[in-house]
Amino acid sequence: MTRLAVLLNLILLPVYLWAAVTPEPTSVPISSSGEPFPWNKMRLPDTISPLHYNLLIHPNLTSLDFTGSVQIQIEVLQDTKTIILHSKDLHISSARLLDPNIAQQQALKVLDYPYFQQIALISDKALKSGRVYSVELEFAANLSESFHGFYKSTYRTSKGDVRVVASTQFEPTSARAAFPCFDEPAFKANFSVQIRREAKHIALSNMPKLRTLELKNGLFEDQFDMSVKMSTYLVAYIVSDFLSISKTSQHGVQISVYAVPEKIDQAEFALDAAVKLLDFYDDYFDIPYPLPKQDLAAIPDFQSGAMENWGLTTYRESSLLFDPHKSSASDKLGITMIIAHELAHQWFGNLVTMQWWNDLWLNEGFAKFMEFVSVNITNPELQVEDYFLGKCFEAMEVDSLSSSHPVSTPVENPAQIQEMFDDVSYDKGACILNMLREFLTPEAFKLGIVKYLKRYSYQNTVNSHLWESLTNVCDSDGLDEGRLRGDESCRHSASNTGASKWHSEDELDVKAVMETWTLQEGFPLITVAIKGREVRLSQERYLKSDDQSQTSSFLWQVPLTYITSDSTTVHRFLLKTKTDVLYLPEEVDWIKFNVDMSGYYIVHYEGSGWDDLITLLKHNHTALSSNDRASLINNAFQLVSVGKLPLDKALDLTLYLSKETEIMPVTQGFSELVPLYKLMEKRDMVELENQMKGYILQLFQKLIEQQLWTDEGSVSERMLRSYLLLFGCVRGHPPCVSNATQLFNHWRDSDGNMSLPNDVTMAVFSVGARTEDGWDFLFEKYKESMYVSMKSRIKQALITSPLDQKLKWMMEQSLEGELIKTQDLPYVVTSVSKNPKAYKHAWDFLQANWDSLIKKFDLGSHSIAHMVVGVTNQYSTREMLAEVRNFFSLLQPETGAELRCIQQAVENIEENIRWMDKNLPLLKAWLQRYYDQHKNTEL
């Protein structure tokens, strides 16, 4: 295809965007040729089922286009003359029907309906039910300029040469942009892939290569083995000049990591992690990994973190590449977690797949949850249990808005499907699974999910299939429980852990419990009132909204856990009604519900409940676990937002943090306190803002000054050090700035060759980025570096700079994609929006470039949502609310007017305004009291 075709696609883009949001037509749809299109629904009909695809793809990495042919073997389920399937932006040059029963070919008429990204193949004769036919199509297209479909990626060598890579990203609805197909997850089939390439390239696909044929004109054709039965969104292929390293797992699977040649020396950590994790899942799920190989490929341009294509998982370079001399503790944790996530998908998602995208959480919630289970066991030194809590807090931020959605929610069009890839599907999904695991006991939960995976292998599922597998998990149902040692543990685990107290019935109805968490949005606020031995409980929806009428109709079955001053044993109680009462053996000094925050709910203590816990933290904070302390900090400030707790009480609770040393309570303290002065920054309330900053610094000053400028300690200690030193330097704490300045000057004098402790580089670079000379030097090192973790830390530090014109330039460069990759643009824009010197530039940039952004990142994508919410969520004035509303109100449906993230952005600003109106006087008074009491303490 020519450059003209590219321009034509850009002109037609609004048509395709419209397809993403338009409702289904009630009248007969009209195809591109002007003829009636024989199907008027966005979902494909169930008259045809694909069995096997024979796919040939030939990309040209010079002209940046590709040609292809596909032969699809189909089974006819109802007599029909039309075959409806998906195709997007493909030029289809021929279509033929092959009837093996009569060895005859028939040309098929092709009608195109871009609104629904569908084509209809019309046959002269009816295709008969029960018969198998083959459809052959030839097609061509340009390599996509976005991050979806079969797209172009580039990288620059250390000598400055630009190389092109062609790679796929099909989830959720972009396989149709690479080849005509039945692009819905329930249409599983086998795939045989052939790729044509030049001698200087290699080709990869889901399965191992069987053979290579030498063709004319210096071309080669790699032919890959037939895949297992799978959904179209999991098909993958790459044409590149990558190099690889490999190992064989204990179970005999060949595992390889692929990267650009100059970065292959950063692949060893990922390879070792993948071998260990794939072996773990093989054993844990008691189902052998079904493919002979697992490739992990680092793609230079990649929108999300990674993608679970079966047998060929793809990653951002920063999500896979690690250098022991250049990468930090957080890099090590992050890379291990992402690999664990994608490899968990080889079972959850690939082997057993949700029926439709409304149940995406069955894939993503499970993979997110299994990250923590697997890494905790395979890499205990990473202390992954410290971070699960943060995922639940992130989910609750979104889930506390009226614009939230149920974990399982109806979706139809591509934009709605894209919107499902959010914190609710991933993080809330993981948190409610963790709650269920604690509820059933880990042993019973594991038996249930193994039962689920075995029963539905190579099939598609809905929510209820999972709940059925987790109910009565001790039924044998084909499981060799003796071998799993599950028989005895399953029978007795409930009584051994006290789980029998969850419910009074003989049989627990998992479906009834869990549907209250998956079929309604939001989460419960549990109110606890103690009188003597009596504990009165009530539940309502926690909602940050003026309209509290929306809270009354919600009811959850809540697995409550609690400990008391008299008993560290975890007690359990299943709250199934709006109100209930439980009785303690004796009166207690304090009670703490939601032990370790294993439940997806928050708790309010009426009467003296909060005072008792604040007193406990003040005098003996280690009586509670670090997760319990972090959850109290979070819950207190959430309750301030809905008027259940006065702000001064929540601030009183934070006073104990001056003695805190554990990462989760410390970072949660920052997470609650820093946004308060961020709200003031946007209102130019300089005096109060500085008082608030001073309070936070004073709270953590001792801990900051205890930090060594080294890479010593556990992963959590190292990550906390990085966090604290960066905060101290950005806030201008003199000892911090002095050390960082000295290290930066030495590093610059060595032309960046001196080795700095990796965990302190963010603090050092942020101080260096304050001056124009320092900023320019850092950016030069950013451009030169072949180490993705170093580039990432330099980029983060540059954005903390007060040089606002530099930050404006960084956003422009990210959009251009030459000096800073466009994949990093969402991060750059949202980070600039947090910078007090440049935040307005981020909002201006978002407005000015909106059309370009939705073309590059796709309507409904997480990248767009991240920017919309991230750029606006610290505004708290009615003027900015009006400005944000006004901009988004001018959009059309095809340019995003109906996106959920816009509702979230508006709700966040409304909540900020309410918070400031109500709490600003209280905050001023509390800070004044604090400073009056600490007059002799230096800031």
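Residues numbered from 1 in each chain as written. Predicted model: local features only at pLDDT ≥ 70, side-chain atom pairs only at ≥ 80, totals over all residues. Heavy atoms only, no water.

A. Region of the structure containing the pairing of strand β20 (residues 312-316). Across the five residues of β20, five count as buried, placing the element largely inside the fold. Bridge count for strand β18 (residues 293-299) against β20 is five bridges, and the pairing is parallel. Paired with Ala-297 across the two strands is Thr-314, which belongs to β20. Strand direction decides the pairing type here: strand β19 (residues 306-307) and β20, joined by two bridges, are antiparallel. The residue of β20 that forms the bridge with Met-307 is Thr-314. Linking β19 to β20, which pair antiparallel, is a turn of four residues; within it Gly-311 sits at a positive phi near 85°. (Buried < 20%, exposed > 50% of the residue type's maximum accessible area, 1.4 Å probe, protein only. Helix = DSSP H or I, 4+ residues; strand = E, 2+ residues; numbered from the N terminus. Pairing = 2+ DSSP bridges.)

B. The arrangement of the state of the cysteines in detail. The tally for this structure, following the rule as stated, stands at one disulfide. Left without a disulfide partner, Cys-729 is nearest to the cysteine sulfur of Cys-736, which lies 3.1 Å away. (Disulfide = S-S within 2.5 Å.)

C. A look at unusual backbone geometry. Cis rather than trans, the peptide bond between Glu-171 and Pro-172 has omega equal to 0°. Relative to the elements of secondary structure, Pro-172 occurs in the loop between β10 (162-169) and β11 (190-198). Despite not being glycine, Gln-383 shows a phi value in the positive range, around 50°. Of the residues examined, Gln-383 reaches a relative accessible area of 22% and is grouped as partly exposed. Not every positive phi belongs to a glycine, and Asp-858 is a case in point at roughly 80°. Considering the arrangement of structural elements, one finds Asp-858 in the loop between α25 (850-857) and α26 (862-872).

D. Up close: helix α17 (residues 715-730). Taking 1.5 Å of rise per residue, the 16 residues of α17 would be expected to cover 22 Å, and the 23 Å separating its terminal C-alpha atoms lies within 8% of that figure. Among the 16 residues that make up α17, twelve are buried, leaving the element largely enclosed by the rest of the structure. Of the residues making up α17, those classed as buried are Val-715, Ser-716, Arg-718, Met-719, Leu-720, Arg-721, Leu-724, Leu-725, Leu-726, Phe-727, Gly-728 and Cys-729. Contacts made by the buried residues of α17 are with α3 (329-345), α15 (663-681), α16 (686-706), α18 (734-749) and α19 (761-768). Backbone geometry just downstream of α17 places Gly-732 in the positive-phi region, at approximately 75°. (Expected span 1.5 Å × (residues − 1). Contact = heavy atoms within 4.5 Å.)

E. Structural view of the side chain of Ser-31. Its place among the elements puts Ser-31 in the loop between α1 (3-21) and β1 (48-60). Of note is the side chain of Ser-31, whose polar atom sits 3.1 Å from the side chain of Ser-33. Setting aside residues up to four positions removed in sequence, Ser-31 forms contacts with Phe-37, Leu-111, Asp-112 and Tyr-113. (Polar contact = N/O pair within 3.5 Å; in protein donor to acceptor, adjacent residues only side chain to side chain.)

F. Inspection of helix α24 (residues 839-848) at higher detail. Turning to α24, its buried residues number three or more, namely Tyr-839, His-841, Ala-842, Trp-843, Phe-845 and Leu-846. Its buried side turned inward, α24 meets α15, α22 (804-816), α23 (825-833), α25, α26 and α27 (878-889).

G. Main features of the sheet that holds strand β29 (residues 602-605). If you trace the four strands from one edge of the open sheet to the other, you get β27-β24-β23-β29, paired in mixed fashion. Every interior strand has two partners, whereas the edge strands, β27 (579-583) and β29, have only one. On average, each strand axis in the sheet is inclined to that of its neighbour by 25°, with strand direction left out of account. Note: strand β23 (residues 524-531) against β29, four bridges, orientation parallel. Residue Ile-526 lies in a different strand from β29, and its bridge partner there is Val-603. (Axes fitted to C-alpha atoms, helices over the stretch in contact; angles between N-to-C directions.)

H. Here's a closer look at the packing of aromatic side chains. Within the structure shown, the criterion is met by 58 aromatic pairs. Seen in terms of ring centroids, Tyr-53 and Phe-191 are 4.5 Å apart; in terms of plane orientation they differ by 10°. Their pairing is stacked. Here Tyr-53 is found in strand β1, whereas its partner Phe-191 is found in strand β11, with 138 residues between them in sequence. Judged on exposure class, the residue Tyr-53 and its partner Phe-191 are both buried. Following the ring pairs from residue to residue traces out a cluster consisting of Phe-280, Tyr-281, Tyr-284, Phe-285, Tyr-289, Trp-347, Phe-348, Phe-366, Phe-369, Phe-445, Tyr-452 and Tyr-456. One residue, Lys-682, lies across the ring of Tyr-839, its end atom 4.7 Å from the ring centre. Looking at Lys-856, its charged tip hangs above the ring of Phe-147, at a distance of 5.1 Å from the centre. (Phe/Tyr/Trp six-rings, centres within 6.5 Å; stacked < 30°, edge-to-face > 60°. Lys NZ or Arg CZ within 6 Å of the ring centre and 35° of its normal.)

I. View of the nonpolar core. Residues Phe-179, Tyr-237, Ile-339 and Phe-593 are the most contacted members of the largest nonpolar core, which totals 314 residues. Here the element with the most residues in this core is helix α28 (residues 900-933); it accounts for 14 residues. (Core = buried A, V, L, I, M, F, W, Y, C linked by side-chain atoms within 4.5 Å.)

J. Structural view of the environment of Val-642. As for its position among the elements, Val-642 is in the loop between α13 (626-641) and α14 (647-654). Judged by relative accessible area, which is 24%, Val-642 ranks as partly exposed. Taking the C-alpha atoms as reference points, Val-642 and Trp-915, separated by 273 residues in sequence, lie 8.9 Å from one another. Other than its neighbours up to four places away in sequence, Val-642 contacts Tyr-542, Leu-543 and Lys-544.

K. Broad picture of the environment of Glu-342. Position of Glu-342 relative to the elements: it lies in helix α3. Taking the C-alpha atoms as reference points, Glu-342 and Met-307, separated by 35 residues in sequence, lie 6.6 Å from one another. Apart from residues lying up to four places away in sequence, Glu-342 is in contact with Ala-306, Met-307, Glu-308, Thr-313 and Tyr-315.

L. Molecular detail of the packing of helix α12 (residues 609-620) against α13. Close contact between α12 and α13 brings their axes to 12 Å; oriented N to C, the two are set at 140°. The pairing of α12 with α13 is recorded here as oblique in orientation. The two elements α12 and α13 meet at a crossing, and its hand is left-handed. From α12, Trp-610, Leu-613 and Leu-617 reach across to α13, where they touch Arg-629, Leu-632, Asn-635, Ala-636 and Leu-639. Across the contact of α12 with α13, the residue classes break down as six nonpolar, one polar and one charged. (Parallel < 35°, antiparallel > 145°, perpendicular 65-115°, else oblique. Left-handed = near helix turned anticlockwise from the far one by under 90°. Nonpolar A, V, L, I, M, F, W, Y, C, P; charged D, E, K, R; others polar.)

M. Representation of the pattern of salt bridges within the structure. On inspection of all chains with the given rule, the structure shows 48 salt bridges. One salt bridge connects Glu-397 with Lys-544, and the closest N-O pair in it is separated by 3.8 Å. Here Glu-397 is found in helix α5 (residues 388-399), whereas its partner Lys-544 is found in the loop between β24 (534-541) and β25 (558-564), with 147 residues between them in sequence. Glu-397 gets classed as partly exposed once you look at its relative accessible area, which sits at 39%. Using a relative accessible area of 9% as the deciding quantity, one classes Lys-544 as buried. Across the pair Lys-795 and Asp-824 runs a salt bridge, and its minimum N-O distance is 3.5 Å. Highlighted residues: Lys-795 in helix α21 (residues 788-799) and Asp-824 in the loop between α22 and α23, separated in sequence by 29 residues. Taking the relative accessible area as the measure of exposure, Lys-795 reaches 8% and is therefore buried. Because the salt bridges share partners, they merge into one network encompassing Lys-678, Glu-681, Lys-682, Glu-689 and Lys-693. (Salt bridge = Lys/Arg side-chain N within 4 Å of Asp/Glu carboxyl O.)

N. The arrangement of the environment of Ala-166 in detail. With respect to the helices, strands and loops of the structure, Ala-166 is situated in strand β10. Spatially, the C-alpha atom of Ala-166 lies 7.2 Å from that of Leu-61, the residues being 105 residues apart in sequence. When residues no more than four places from it in sequence are discounted, the contact partners of Ala-166 are Leu-61, Leu-143, Phe-150, Tyr-151, Tyr-237, Ile-238 and Val-239.

Read these as geometric descriptors, not functional statements.
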